[in-house]
Amino acid sequence: MMEITGTGIGQGVAVGPVVRMAERLPEPVDRPSHLDPEREGERARGSLSVVAAELANRGAKAGGAAKDVLEAQAMMAEDPSIIDEVTKLLATGKTAERAVYEAFAAYRDLLVGMGGYMGERAADLDDISQRVIAHLLKLPAPGVPNPGHPFVLVARDLAPADTAMLDLDQVLGLVTVGGGPTSHTAILAREKAIVAVVGAADATALADGDTVVVDAAAGLVVSTPTPEQLADANARIAERAALQAAPVTPGALADGTPVPLLVNLGSAEGAVEALRLGAEGVGLFRTEFLFLDHNTAPSVRDQQEHYTKLLRAFAGKKVVVRVLDAGADKPLSFLNAAHEENPALGLRGIRALRHSEVILREQLTALAAADAATDAEVWVMAPMVATVEEARYFSALAKELGMRVAGVMVETPSAALIADRVLAACDFASIGTNDLTQYTMAADRLLGTVANLQDPWHPAVLRLVGDVGAAGAELGKPVGICGEAAADPLLAVVLVGLGATSLSMSPSALADVRASLARYSPDDAKALARAALAAEGAAEAKRAAEAAASEITASRATAS
Ligand SMILES: C=C(OP(=O)(O)O)C(=O)O
Ligand SMILES: [Mg+2]
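Just so it is clear, the model here is predicted, and its values are computed rather than measured.

1. What about the site of ligand 1?
Logical step 1: Neighbouring ligand 1 are 16 residues, the closest being Arg286, Lys330, Glu411, Asn434 and Arg445.
Logical step 2: Glycine 432 is positioned such that a nitrogen or oxygen atom in its backbone is 3.3 Å from an oxygen atom of ligand 1.
Logical step 3: Aspartate 435 is positioned such that a nitrogen or oxygen atom in its side chain is 3.0 Å from an oxygen atom of ligand 1.
Logical step 4: When atoms are counted within 2 Å of each cavity's grid points, the one that captures over half of ligand 1 is the second largest cavity.
Logical step 5: Every element with two or more residues in the shell around ligand 1 is listed here: α8 (184-191), β10 (281-286) and α18 (433-441).
Logical step 6: Take the shell around ligand 1: its biggest share by element is 3 residues, from α18.
Logical step 7: Counted by class, the shell around ligand 1 contains 4 nonpolar, 5 polar and 7 charged residues.

2. Quick look at empty space enclosed by the protein
Logical step 1: In the structure shown here, the tally under the stated rule is 3 cavities of 30 Å³ or more.
Logical step 2: Volume-wise, the largest cavity comes out at about 90 Å³.
Logical step 3: Taken together, 16 residues make up the lining of the largest cavity; nearest its centre are Gly283, Lys318, Ser430, Gly480 and Ser502.
Logical step 4: Among the secondary structure elements, those contributing two or more residues to the lining of the largest cavity are β11 (318-322), β14 (429-431), β15 (479-481) and β16 (502-505).
Logical step 5: The computed volume of the second largest cavity comes to approximately 60 Å³.

3. Some words on the domain arrangement of the protein
Logical step 1: Assigned domains within the protein: domain 1 (2-21 + 147-243), domain 2 (37-136) and domain 3 (246-559).
Logical step 2: Placing the centre of domain 2 and that of domain 3 at their C-alpha centroids yields a distance of 42 Å.

4. Describing the layout of surface pockets
Logical step 1: Considered as a void within the structure, the second largest pocket measures approximately 410 Å³ in volume.
Logical step 2: What lines the second largest pocket is a set of 21 residues, among which Glu54, Arg131, Pro140, Ala141 and Asn146 lie closest to the centre.
Logical step 3: At the level of secondary structure, the elements contributing two or more residues to the lining of the second largest pocket comprise β3 (13-20), α1 (37-62) and α6 (122-136).
Logical step 4: Of the residues in the lining of the second largest pocket, the class split is 10 nonpolar, 4 polar and 7 charged.
Logical step 5: The two domains that each donate at least three residues to the lining of the second largest pocket are domain 1 (2-21 + 147-243) and domain 2 (37-136).

5. A few points about helix α15 (residues 388-400)
Logical step 1: Between its first and last C-alpha atoms α15 spans 18 Å; for 13 residues at 1.5 Å apiece the expected length is 18 Å, and the two agree.
Logical step 2: Those residues of α15 that fall on the buried side of the exposure criterion are Val388, Glu390, Ala391, Tyr393, Phe394, Ser395, Leu397 and Ala398.
Logical step 3: On its buried side, α15 packs onto α13 (350-355), α14 (357-372), β12 (377-382), β13 (405-410) and α17 (419-424).
Logical step 4: Taken from the residues just after α15, glycine 402 is the one with a positive phi, measuring 105°.

6. A word on the pairing of β3
Logical step 1: Of the strand pairs in this sheet, β3 and strand β7 (residues 211-215) are connected by 5 bridges, and their pairing is antiparallel. Looking at β7, one finds that valine 15 is bridged to valine 213.
Logical step 2: Note that β3 and strand β4 (residues 151-155) share 3 bridges and pair parallel. Bridge pairing in β4 links arginine 20 to valine 154.

7. Notes on the coordination of the magnesium ion (ligand 2)
Logical step 1: Looking at the magnesium ion (ligand 2), the protein donor atoms are Glu411 (OE) and Asp435 (OD), and they sit 1.9 to 2.0 Å from it. You can see glutamate 411 sitting in the loop between β13 and α16 (413-417) and its partner aspartate 435 sitting in helix α18, a full 24 residues away along the chain.
Logical step 2: For glutamate 411, a relative accessible area of 2% translates into the label buried.
Logical step 3: Under the relative-accessibility criterion, aspartate 435 is labelled buried at 1%.

8. Comments concerning the sheet that holds β11
Strands pair in a sheet through their backbones, by hydrogen bonds, and they do so in one of two ways: parallel or antiparallel.
Logical step 1: Here 8 strands make up a closed barrel; going around it, the order is β9-β10-β11-β12-β13-β14-β15-β16 and the pairing parallel. Across the sheet, the mean angle from the axis of one strand to that of its neighbour is 25°, orientation sign disregarded.
Logical step 2: In this structure, β14 lies alongside β15, joined through 3 bridges in parallel fashion. Across the sheet, serine 430 pairs through a bridge with glycine 480, a residue of β15.
Logical step 3: Here α14 sits on the sheet and contacts β11 and β12; the angle it forms with β12, its principal contact strand, is near 165°.

9. Quick look at the packing of aromatic side chains
Logical step 1: Counted by the stated rule, this structure contains 1 aromatic pair.
Logical step 2: Their ring planes at 45° and their centres at 4.7 Å tell us that tryptophan 379 and phenylalanine 428 sit as a pair that is tilted. Of this pair, tryptophan 379 sits in strand β12 while phenylalanine 428 sits in the loop between α17 and β14, and the two are 49 residues apart along the sequence. The same class applies to tryptophan 379 as to phenylalanine 428, namely buried.
Logical step 3: The residue whose ring lies beneath lysine 318 is tryptophan 379, and the NZ or CZ to ring-centre distance is 3.9 Å.
Logical step 4: The ring of tyrosine 393 carries the charged tip of arginine 354 above its face, separated from the ring centre by 3.9 Å.

10. What to know about the sheet that holds strand β6 (residues 195-198)
Logical step 1: Strand order in the open sheet formed by 8 strands is β1-β8-β7-β3-β4-β5-β6-β2, with mixed pairing between adjacent strands. Since the sheet does not close on itself, it has two edges, and those belong to β1 (2-5) and β2 (7-9), each with one partner. On average, each strand axis in the sheet is inclined to that of its neighbour by 30°, with strand direction left out of account.
Logical step 2: Seen against the sheet, helix α9 (residues 227-244) touches β1, β3, β7 and β8 (220-223) and runs at an angle of roughly 115° to β3.

11. Here we look at the pattern of salt bridges
Logical step 1: Tallying each qualifying case throughout the model produces 27 salt bridges.
Logical step 2: Note that arginine 236 and aspartate 215 form a salt bridge whose closest N and O atoms lie 2.8 Å from each other. Here arginine 236, found in helix α9, pairs with aspartate 215, found in strand β7; they are 21 residues apart in sequence, far enough to count as distant.
Logical step 3: By relative accessible area, arginine 236 is classed as partly exposed at 22%.
Logical step 4: Counted as one network, the salt bridges with shared partners bring together Glu288, Arg322, Asp325, Arg348, Asp435 and Arg445.

12. Some words on the environment of arginine 58
Logical step 1: In this structure, arginine 58 sits in helix α1.
Logical step 2: The spatial distance from the C-alpha of arginine 58 to the C-alpha of arginine 322 is 35 Å, given a sequence separation of 264 residues.
Logical step 3: For arginine 58, the contacting residues outside a window of four places in its chain are Leu70 and Arg131.

13. A closer look at the nonpolar core
Logical step 1: Within the largest apolar cluster, 101 residues are counted, with the highest numbers of intra-cluster contacts made by Phe314, Phe394, Val494, Leu495 and Leu503.
Logical step 2: Among residues more than four places away in sequence, those in contact with leucine 503 are Val259, Pro260, Leu261, Leu262, Ile481, Ala486, Ala492, Leu495, Val496, Val513 and Leu517.
Logical step 3: Judged by nonpolar contacts, the second largest core, of 26 residues, contains Leu70, Val86, Ala99 and Ile133.

Rules used in this analysis
- Residues numbered from 1 in each chain as written.
- Chains lettered and ligands numbered in written order.
- Predicted model: local features only at pLDDT ≥ 70, side-chain atom pairs only at ≥ 80, totals over all residues.
- Heavy atoms only, no water.
- Near = heavy atom within 4 Å.
- Polar contact = N/O pair within 3.5 Å; in protein donor to acceptor, adjacent residues only side chain to side chain.
- 1 Å grid on protein atoms, 1.4 Å probe; cavity = no way out; pocket = protein on both sides within 12 Å on 5 of 7 lines; lining within 4 Å.
- Sits in = over half its atoms within 2 Å of the grid points.
- Helix = DSSP H or I, 4+ residues; strand = E, 2+ residues; numbered from the N terminus.
- Nonpolar A, V, L, I, M, F, W, Y, C, P; charged D, E, K, R; others polar.
- Points joined across faces, edges and corners; volume = space filled by probe spheres on them.
- Domains from an automatic or database assignment.
- Expected span 1.5 Å × (residues − 1).
- Buried < 20%, exposed > 50% of the residue type's maximum accessible area, 1.4 Å probe, protein only.
- Contact = heavy atoms within 4.5 Å.
- Pairing = 2+ DSSP bridges.
- Donors = N, O, S within 2.8 Å, 3.2 Å for Na, K, Ca; no water.
- Axes fitted to C-alpha atoms, helices over the stretch in contact; angles between N-to-C directions.
- Phe/Tyr/Trp six-rings, centres within 6.5 Å; stacked < 30°, edge-to-face > 60°.
- Lys NZ or Arg CZ within 6 Å of the ring centre and 35° of its normal.
- Salt bridge = Lys/Arg side-chain N within 4 Å of Asp/Glu carboxyl O.
- Core = buried A, V, L, I, M, F, W, Y, C linked by side-chain atoms within 4.5 Å.

Structural data, given as structure tokens:
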């Protein structure tokens, strides 16, 4: 038995055999081959066609959009001009591995030079090149493995594209060595309800085939568990399944005070599942995920189409759309391609949009058009606001372009500290606890090494949330929470006690948070908030809230 600690994502538990993600291959050494070019040519062509067949096969199995992508990749692997280039390189005495590497690299540079749609295919070529070289070297193909049975994926880290493509029938759980709790890998894992532990530095010790229990609620990975641990994990899996099957009701405290439960979405695709789980609307639509792999600004028409699809799905419900949040962990080259030493403190969010106002205007125009054509209640908000002047600027522009309700995200300590003035300049605030924690604690949300500091339970963060809540109550303006903190069932109650009027989270967290809110009255929530606020640190705040919660439950048990 071995226990590995990390940051758990969500409350789930998974049990299964480990399959490790193969590391990226090193560049093949440029040394003369000891085979003749004909023999090397046979090796290269053989591996190219095996990889092409594999990709086509995977495409056929996957269906949908993945099928088109994989089939296009399969064709690239057997492109005659690539094979010609490889043959030419082999004639100079290179090995098949090196020739494949160089031919794909040259083709890749050509595509990058063309830019636009062609440029975007460069990463696909890298992937093929890696696969062919792996086949030549008889090594496992890099990327997400496909062992043909359900497994727990262990990886150094996962690209957002890899996370987005995971086959959830096969991947029971995810353990990454790197990554913080609010990295986008973690956010996507949460959105897809993958049981995950990230920032598990010692996960490098896990080997293929080891049975592990991934306990996200405890932030633990247990390898070769005891029979008792296994039985306990399986019982918890069954318990959670029962909770997920409980009836979906609107979010409310024990006395019936409504706390609307909204969802964070990155694309319209998640709408059906979110509604099934009881989403009362969308509290954060992250528009940048639609455009992360584009290197030009999306057209107004394309955007309008995306937004219309989303708004239609949520007809009659509130949908809060965030304008593009580029920079730092969400790079968008068309908004800011400049190198920055500290991108989290750089030209990002509303700052980048102001710098390229035409992109912001186009986005608001597309959104207003989608709003006019549908029946959802659309609110729009700006990310990374740090000044009252930015709030005023955004609100005025949004209204000028036809939006009815415009607000800001409170993600910087400055916006929280003068929330009364920020809120006076717009219609609502939505607290992004991921960035607010990053900036309050001065701890990069992408860095596993400082993950222990990225804890929204920290009383410094909670105090800022309380300040925003108080300003909202004073001005009669809504204060939502859309950072991952809202997905923690007990912290959600604390946030309501601090003045949050709605909570937005990944759909997979709705059932846990709904059940938790229903256990406490508004006064209870305030008591939990007071207990957490008075603590010394994050861990103490959590323990204080847990103690206050137990007391409330105990006093209720004696009263009844
Ligand atoms: C919700 C937030 O925005 P994102 O995670 O997309 O930066 C946040 O910062 O809490
Ligand atoms: Mg943010």
